Amino acid sequence: MSPSLPGLGFLLLVGWQVAAATSPGTYLCSSSPVNEPAVCASVKSVSQEMLLEIARGQASPCSLTFGQYACAQTAWLQDLQDDFLISLYSCLTPKPASAMDPEYSVLFFSKYDAKKLVAALTMFSQRFFHVALSLEWNMVFMNGVWEKMLQVPDIDSPPILSQWVHEGLQPFLVEPKVFACLHAKNVLCETFQMIVAALNGIYSDLPVEEQRNLYAGIKYYLIQDGSNQKCYSAAVPGLNSTAWFENYLGSFLEHATVGDLQLFGDELTLQKFVRDPVNIQMISNLTLLRETAVYYTLLLTSGPGFSLSSLPDRFVCYLSPSAVSNLSRDDALSLAQRISENCPLNLKHRGITRERAPSSLTTEELQVASSLVRKFEHFPPAVLRALGQAAVGLSISDIENSISDKDLEASIPALGEVRGWNAEQSSAIINKLLSSGYQIRDGQSLAKLGSLVAGLNSSTLRSLPPEVILEAIKLPEFVQQMVTLPSVLKMTFVEKISSSVGHPADLVKYIPDALASYIPKSLLVFGEEKPNIQDLSSKMWTREQAAMFFSDVIKTEPDFSRLSQSVLQGFTCAAANEMEAERFQELAKVMKKKNVKLGEDQLSCLVKMVTLHGIPQDLDNYPKDLLLFLSPSDYAATGSCRQYFANVGKANLDVLQRESSQRKQLLLEALACLKIPGTQVNEENAEILGHLVCDLGGEYIRSSGGNLLKQLSQCKSFLPDQEEAIRSVVSSGNTTFGPPVVWSAFTLNELSGLIPVFDHSILQKIPKNALTLWLKNYAHNSPLSREQLATIVEELLPTRHKRADGCPPDKQITEMVLNDDLMPVYYTPEELHTCLKNVSLENHLSQTLTYPFSVEQLGVLKRNLDETYPDGYPESLLPKLGPLIFFVTPEDVSKWKIISADTLAVLLKDQPPDDQASAVIKRYVGLGNALNATALNAIGTRYVCLLNATELNMIDSNSLKLASLNPSACPQLTQNILYAKAKQAFSDQKYLPAYYDLVEPYLGGAPGVDLRALSKGNVNMNVSTFAKLRGDSLLSLTPSEVQGLLGINLRDLQKWQNKSPIQEWIQKQKQSELDKLHVGLTGGTQEGYMNIVMPKFQCMCYVRTSNCCALNTYFWVTARRKTALWKQSAFSCL
């Protein structure tokens, strides 16, 4: 319930009327009331007729000054339209604000009818919602609007205050410095407390972005004079309340960082604040940033005399290991129970860019669990049940030596509910359980394992009867465990389920949601069977999977709005081409509403279909990404070029290749539309450009200073000159983030997308504690790879590595250290090597190798394993190698026993270089293992080209049917072999619409006769696929056959006509036949000429022979002169 705030307007007005301070910019803050006769004495009067002409659009709003509007009669101003403030702002901003403008602002807005002003401000907010206002004019406008707001009756009422703050003031409050007016006019702390209380009353009704903006303003008021205890003094009555967080921040504390708290008070003062009962009660109902919650809990528990039993339940989730180190066994079990009840693993924390993976735990959570477990030497069922979630702290030694077989089996129900087991723990528990005689006889006994099911190996799972698995997946509690399973186990589950379910509709119905994306696409072809739309729309599919049934779905479902985003992403040109125009328009508009993400080929087709009968005048109703394939002139009937590029800026620019002519043209047209002079881009234009900012050259980045950093931090990659420019801008310190030396962990989080660009000169200036805190609290949720995080670790290590004579006592590697993801920060490579002696890594390797070790440190870990296993790594260790696969040699691999396709999959998962991958694959095949579906999916498109003819011929067609490969970049021999196998694999689906989508990745090896058959099937082949066809096959096609193959994509041939091999195909055709295609192809043979073109392709021989060479021969005969000319050039063989 919101607090009662009688006389808030009066209180604010009193504070507002105090004399202004002299800090920069505060001259823009004026007080009410204004002496109108004095202010307007020198202002030229304006007639009502002039204002009416402006209101009707017959005269420019810029024809009058701000003073003339302010001094006009009140009744006359009511004739102005609701969009007038937008026009007025645009007229005023080109000029700097004068000392009189704040007075004019108060006078002008005081004459507005309150309801009319709210309507005008709402329209103003909509226009400038994502556009930064001029700081000067923001403060001028805010000065008058705020004064007017305070005069509104019942402004203390939350609904009325909410309307003003949310609908009217939003674009002004984006800039925290507007709160400088409060400070400049010496608004008293008591008065400011009332402001915060009023805003706190509407907090829950505000969008998160507006909450953040208001918090930034509140913080600005509280810290701008540099005082470390603003509005607090133990010796001053009225300012001595330790309920400071409640009084001056309220719910806005949810947006405070650790750095912010440290600005609000020193540690002793903060400890008083955090222990205040009023603050504790308030914060118990808030969701703080994780780092803030951890810090708050540390402040609470670190002081003397604090008992954990008095700690609010919310805070037990953020305890540090030191807080639990001295607990008794009974207290440890009591705390463990509270943790299990109050700390769900998928707890969301504000400020984290994405939710933690359901299986991950923070370092503190693991260390606290480990500390609680260490209170016990043995673990009977009663203790394991009481430990609950804290049982995740069990070490491998505990599992193997401190739990009896009987007790382990009795504890399975409790252990199966624990979340966050690492691979070694779950495997150790399952292996011990199975070796002691536990049998998985039915679905119930499988489901009983709960979260421990991740410890099963795939061979055990494959040995289970299918009915056991089918029974288990009907149990909701077991299905929940599917989410966190490793990919190999997910694929095995799918393999078992699909082997016993005969129809695609049944497979879709029974498959758990978490496994749906692992179903081979060939098993999702419905044929004559009718799909269940509800079942399909309830699952998450890949684009390739959805393409299999998209045609069936749109024929079955009359209401496209019932289709999920996941199903709609399977859009195919062939299916759309068979739809009536009206139905197609309906489909395209539903795709916009569902925010469906399509690929380049899909969008290219979609735009052709949408514009088939002309450019629609409602393009905003179609997917934004379509605009990437259109131009501002195409959009003219829908809106301005400015609107066009605002939409393009929000589109998925990555569907176009980075250096493509289309992307370059879009950027040039955007710069022209926005009339950007030179190379300086302001914040407003940067917001409009959106993702196009990623294509701006280094000169634009330098000239624009920090205006582009927000957008640049979202870019996926940069060119060298862009990286250099970003470093230059960041190093200068002339950005809203300030110089690197003042950055906090929160600053790094905001700039995380740019961290890979920072070099040593920048990283070394960032405070070490900020880097460490960022690694600790934010790194897991950043888009950075382990390798990129390792560059930060290197900055935190000493530059000079001392020779380690022995492991220092304070650096002994314990269970606690191995559970700490900051472990790389604690050891130089030399120390790591010394301290690893006599430490077994095997039981912690999977987890440890997720930490951001530097290359040198990884080398030390590899050396440790080599010393431990001189005769080669055991098979159980191979799946745990992770990034160490990059360090292995062919000699290492030759000692391994890779006898499982699952092990092959894990070894290739991190995408090692081709040399290592090739050695691993050859070792796997050399040991007599089959290239089954699991192995083929492990090899994947990335490594399939490494297979030789012997290995390719080992592949069974049925295995290929269940794999997902694209060999289009491979040597021709590879493509030929795989096409023949793919054709055989999918032969039973040859007459179904999905056949083309199944066989399309392999068409680079198709003979001409098969392509001619496809040309009769409405396949709508992309020109990019057409250009990759086998050379001799492509040249054998006639223009009409090519038309049949390409369908709606035929017109794209014109863009490719000067590229090989399409150019050679054109040269071989009669121009008269090409003209019949009506797509503007030129370069064919004229009447009376014969043109024979030998292809400029690699020879298509299956076996390398001396006869495999050809001549690239051009022969033409001129009929009239009856002469023949030859040109020939050697053609090299494969």
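Remember, predicted model here, so these are calculated numbers, not experimental data.

**Student:** Which parts of the structure should I look at to understand the state of the cysteines?
**Tutor:** Note: disulfide means a covalent bond formed between the sulfur atoms of two cysteine side chains. What the rule picks out here adds up to 9 disulfides. Covalently, Cys40 is tied to Cys71 through a disulfide, its sulfur atoms 2.0 Å apart. Residues Cys40 and Cys71 are joined through a disulfide that is left-handed, its torsion about the S-S bond being -90 degrees. Here Cys40, found in helix α2 (residues 36-40), pairs with Cys71, found in helix α4 (residues 66-71); they are 31 residues apart in sequence, far enough to count as distant. Through a disulfide, Cys694 is tied to Cys715; the S-S separation comes to 2.0 Å. Torsion about the S-S bond of the Cys694 and Cys715 cystine: about -90 degrees, corresponding to left-handed handedness. Of this pair, Cys694 sits in the loop between α42 (683-689) and α43 (698-703) while Cys715 sits in the loop between α44 (709-712) and α45 (720-732), and the two are 21 residues apart along the sequence. An identical accessibility class is assigned to Cys694 and Cys715; each is buried.

**Student:** Sorry if this is basic, but what is going on with the nonpolar core here?
**Tutor:** Phe108, Phe245, Leu446, Trp774, Trp896 and Trp1065 are the most contacted members of the largest nonpolar core, which totals 362 residues. Of all the elements, helix α9 (residues 135-150) adds the most residues to this core, at 9 residues. Leaving out residues up to four positions away in the same chain, Trp896 has contacts with Tyr873, Leu878, Leu881, Ile885, Val888, Leu907, Val920, Arg923 and Leu927.

**Student:** Would you mind going over the environment of Ser732 with me for this structure?
**Tutor:** As for its placement among the helices and strands, Ser732 is situated in helix α45. Through-space distance from the C-alpha of Ser732 to that of Gly706 is 9.7 Å; in sequence the pair is 26 residues apart. Here the side chain of Ser732 touches Val729 through a polar contact of 2.6 Å, landing on its backbone oxygen.

**Student:** Looking at this structure, how should I read the packing of aromatic side chains?
**Tutor:** Where two aromatic rings form a pair, the distance of their centres and the angle of their planes describe that pair. Applying the stated criterion across every chain, the model contains 39 aromatic pairs. Aromatic pair Phe66 and Phe141: ring centres 6.2 Å apart, planes at 25 degrees, arrangement stacked. Of this pair, Phe66 sits in helix α4 while Phe141 sits in helix α9, and the two are 75 residues apart along the sequence. Note on Tyr296 and Phe315: the rings are 5.3 Å apart at their centroids and 10 degrees apart in plane angle, and the pair reads as stacked. Taken together, the residues span a long stretch of sequence, with Tyr296 in helix α19 (residues 290-302) and Phe315 in the loop between α19 and α20 (321-324) at a distance of 19 residues. Summarising the burial analysis for this pair, Tyr296 and Phe315 share the class buried. Following the ring pairs from residue to residue traces out a cluster consisting of Phe66, Tyr69, Phe84, Tyr89, Tyr104, Phe108, Phe109, Tyr112, Phe124, Phe128, Trp137 and Phe141. Its guanidinium or amino end placed over the ring of Phe128, Arg127 lies 4.8 Å from that ring's centre, counting from NZ or CZ.

About the thresholds
Residues numbered from 1 in each chain as written. Predicted model: local features only at pLDDT ≥ 70, side-chain atom pairs only at ≥ 80, totals over all residues. Heavy atoms only, no water. Disulfide = S-S within 2.5 Å. Helix = DSSP H or I, 4+ residues; strand = E, 2+ residues; numbered from the N terminus. Buried < 20%, exposed > 50% of the residue type's maximum accessible area, 1.4 Å probe, protein only. Core = buried A, V, L, I, M, F, W, Y, C linked by side-chain atoms within 4.5 Å. Contact = heavy atoms within 4.5 Å. Polar contact = N/O pair within 3.5 Å; in protein donor to acceptor, adjacent residues only side chain to side chain. Phe/Tyr/Trp six-rings, centres within 6.5 Å; stacked < 30°, edge-to-face > 60°. Lys NZ or Arg CZ within 6 Å of the ring centre and 35° of its normal.

As far as function goes, none of this settles anything; it's purely spatial.
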